[in-house]
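Next come the chains, spelled out residue by residue.
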Amino acid sequence: MRDMDVPYEARLRDMLAERLPLIEPSLQLIGTEYPLPNAHGTRGRIDILARDGHGSWVVIELKRSDSTSARALHEVTKYAELLQQEMGLRKDRIRAMIVSTTWRELRVPVSNMARDWSHDLRGYQLTLDANGVPVHADRVEFLEAAVPPRVTPHHFIYFYNSPEERAQGWHEILGRAAEAGARDLLAADFRRISQRDLVVAPYGLYFAIGRLDPDEAPAWLDDNGTDSYEETGGYPLEYSALCHITRHVFAAGYDAARPGVLRHLAENPHWEIEGYRAAGKFAKRTSLDERDLLRELNGDEEGIGEVLYTGSARTTDRGRWPAFREESRMCFAGNPDWESLVARWLDDVSADDVERDVMLHVYNPCDLIRSLVHGWPDKLSDLVPMTFGTALTQDGVDRTIHGSLYWDGIPHADVADRVRLVYRDAMHWQTHRLMDAAWVTDLDLLGLLGLRYVLIEQIGGNPLNISEANELRLHFVQGADLCTLPIPCEGSQLRDAGWNGAYSLDTFLEKHGDQIDAMISAYRSGFHFGP
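Owing to the predicted nature of the structure, the values given are computational and were not obtained by experimental measurement.

J.: Give me the lowdown on the packing of helix α4 (residues 163-179) against helix α6 (residues 236-248), citing residues and values where you can.
T.: Each pair of packed helices gets described by two things: the angle between the helix axes and the distance between those axes. Look at α4 against α6: their axes get within 9 Å of each other, and the N-to-C directions meet at 135°. In terms of orientation, α4 and α6 fall into the oblique class. Pair α4 / α6 crosses with right-handed handedness. Of the residues in α6, those in contact with Ile 173, Arg 176, Ala 177 and Glu 179 of α4 are His 244, Ile 245 and His 248.

J.: Tell me about the pattern of salt bridges, residues and numbers included.
T.: In this structure the tally under the stated criterion is 29 salt bridges. Taking the shortest distance from any N to any O, the salt bridge between Glu 24 and Arg 122 comes out at 3.8 Å. Of this pair, Glu 24 sits in the loop between α1 (9-17) and β1 (28-36) while Arg 122 is found in strand β5 (residues 120-128), placing the two residues 98 residues apart along the sequence. Measuring nitrogen to oxygen at the nearest pair gives 2.7 Å for the salt bridge that ties Asp 92 to Arg 90. Among the residues examined, Arg 90 registers a relative accessible area of 56% and is labelled exposed.

J.: Quick one: what's the story with the sheet that holds strand β10 (residues 253-257), residue by residue and with numbers?
T.: Strand order across the open sheet formed by five strands is β10-β7-β9-β8-β11, with antiparallel pairing between neighbours. Only two strands of the sheet have a single partner each, and these edge strands are β10 and β11 (271-279). Strand-to-strand twist across the sheet, computed as the mean angle between neighbouring axes with direction ignored, equals 20°.

J.: Which residues make up empty space enclosed by the protein, and what are the values?
T.: In this structure the tally under the stated criterion is three cavities of 30 Å³ or more. Of the pockets and cavities examined, the largest cavity occupies roughly 60 Å³. Considering the residues around the largest cavity, the lining is formed by 13 residues, among which Leu 368, Leu 372, Leu 449, Phe 508 and Ile 516 are closest to the centre. Put simply, the parts of the chain that give the lining of the largest cavity at least two residues each are α11 (368-375), α12 (415-420), α14 (438-449), α16 (505-511) and α17 (513-527).

J.: Mind laying out the sheet that holds strand β3 (residues 57-63), listing which residues take part and the relevant values?
T.: Whenever strands of a sheet pair, they do so through backbone hydrogen bonds, lying parallel or antiparallel. The six strands lie next to each other as β1-β2-β3-β4-β5-β6, forming an open sheet whose pairing is mixed. Either end of the sheet is taken by a strand with one partner, and the two such strands are β1 and β6 (134-139). The mean inter-strand angle of the sheet, taken between neighbouring strand axes irrespective of direction, is 30°. Examined bridge by bridge, β5 and β6 share five bridges and lie antiparallel to one another. Within β6, the residue paired with Tyr 124 across the bridge is Arg 139.

J.: Before we move on, can you summarise the nonpolar core with the specific residues and values?
T.: Core analysis: the biggest nonpolar cluster contains 48 residues, and Ile 369, Tyr 423, Leu 451 and Tyr 523 have the highest contact counts within it. By residue number, the principal contributor to this core is helix α10 (residues 336-349), which donates six residues.

Cut-off values and rules
Residues numbered from 1 in each chain as written. Predicted model: local features only at pLDDT ≥ 70, side-chain atom pairs only at ≥ 80, totals over all residues. Heavy atoms only, no water. Axes fitted to C-alpha atoms, helices over the stretch in contact; angles between N-to-C directions. Helix = DSSP H or I, 4+ residues; strand = E, 2+ residues; numbered from the N terminus. Parallel < 35°, antiparallel > 145°, perpendicular 65-115°, else oblique. Left-handed = near helix turned anticlockwise from the far one by under 90°. Contact = heavy atoms within 4.5 Å. Salt bridge = Lys/Arg side-chain N within 4 Å of Asp/Glu carboxyl O. Buried < 20%, exposed > 50% of the residue type's maximum accessible area, 1.4 Å probe, protein only. Pairing = 2+ DSSP bridges. 1 Å grid on protein atoms, 1.4 Å probe; cavity = no way out; pocket = protein on both sides within 12 Å on 5 of 7 lines; lining within 4 Å. Points joined across faces, edges and corners; volume = space filled by probe spheres on them. Core = buried A, V, L, I, M, F, W, Y, C linked by side-chain atoms within 4.5 Å.

Set out below in structure tokens:
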């Protein structure tokens, strides 16, 4: 017979079954080696089946060896599923416990499973006396999920005359950030590569503040002079840390930044990203490829990409799909029409049993004047609001959306007069922009100009050739309703929806080109903006 210090599981199981109150006082034994036949070919026997004081069924799996950790997880998941099917139980009425005399190898995988599994899962460390009899069962404290470093919306750019000055500037930033308790920073080096003009300080350093641990932040950091959510973006400590850095670090030039700005630089042919820098917990992230680091700095991973967002997910991915939807929703802040319309489209493409890979690319500046000031007339297509999404099945792309601004067709005698109802002059608009408040008045401006955010959906056909679509739909918001019309639409259908017609933004701009040209020239001359 084997040494009692290493008892047989069968003997240990029977002794534990007689002492279930060691685990939970209310546990009542149903049976040991409880058989679970199954019509699908898999079967098994539960070590101990019990019921708790609330009437739930408890699957208890007993292990005495680290080498069986994988088997323990496999068996509790199998038994919980079989129990649910064979006895017709609700999922919330089944619990599971893993009891073992050693947890060296079990703790990590069981902790991971306990966080993600839909059933209540607990672990217990079993203590035996000299005769191998269970005398204690102490609940195992599972490991907490690792918290990855995350960027906040507080970004900034410094410009330098040389790479050497930039490297020195990075060390100065690190020093001042550490004083404020902001040890987690993620940054990118970029430079101007256009030779068309002489650029002062062509070497840029773009950086973002990671989340601070309030317990490690110095007490003076709380005294930032404001508790405004609009100003701090919900991250007051990180806002104060950035203010501390910018008060003490100087360079040849600087500019404010926010999630989405770096992607603009990456896509601008006049600028080039040269590499990435990291400090603190972000140092581990440098092993990621450049696409992941760009997404990180853009705020895509945290759903803080307020202006520009690119992401994808599979509709059947229970973990990624909800996160993807929340990320994209955040980018529609300030644009309730697109937020509602895209949310409904995502509901539609995930509602049936067809598995789809969905991609969204969103540019949502919520500031038409800014788009015109910086893009009129030749670069406007890159700066006006747009949304593009595809839903891809195994057979190919079956649904596509294109989001843009559409005009109701009613011409205006003086566009500038309508703009002045929202912004008295260029300085008034600039004040709103610097206060990050232009998005609040942008919807008022669009309404006065007869512009609406819409989605054009293409079903079937070649997504690059709209003429090959099996069906086209126009989605828009009318009051509190989400409306859909077939394309082409009858005039009466549009009029019933409050439209005089439905025309592209290009048509609106072409119709009022001379007025817009004069207005934008006045805006640019006041601030030395170029197209």
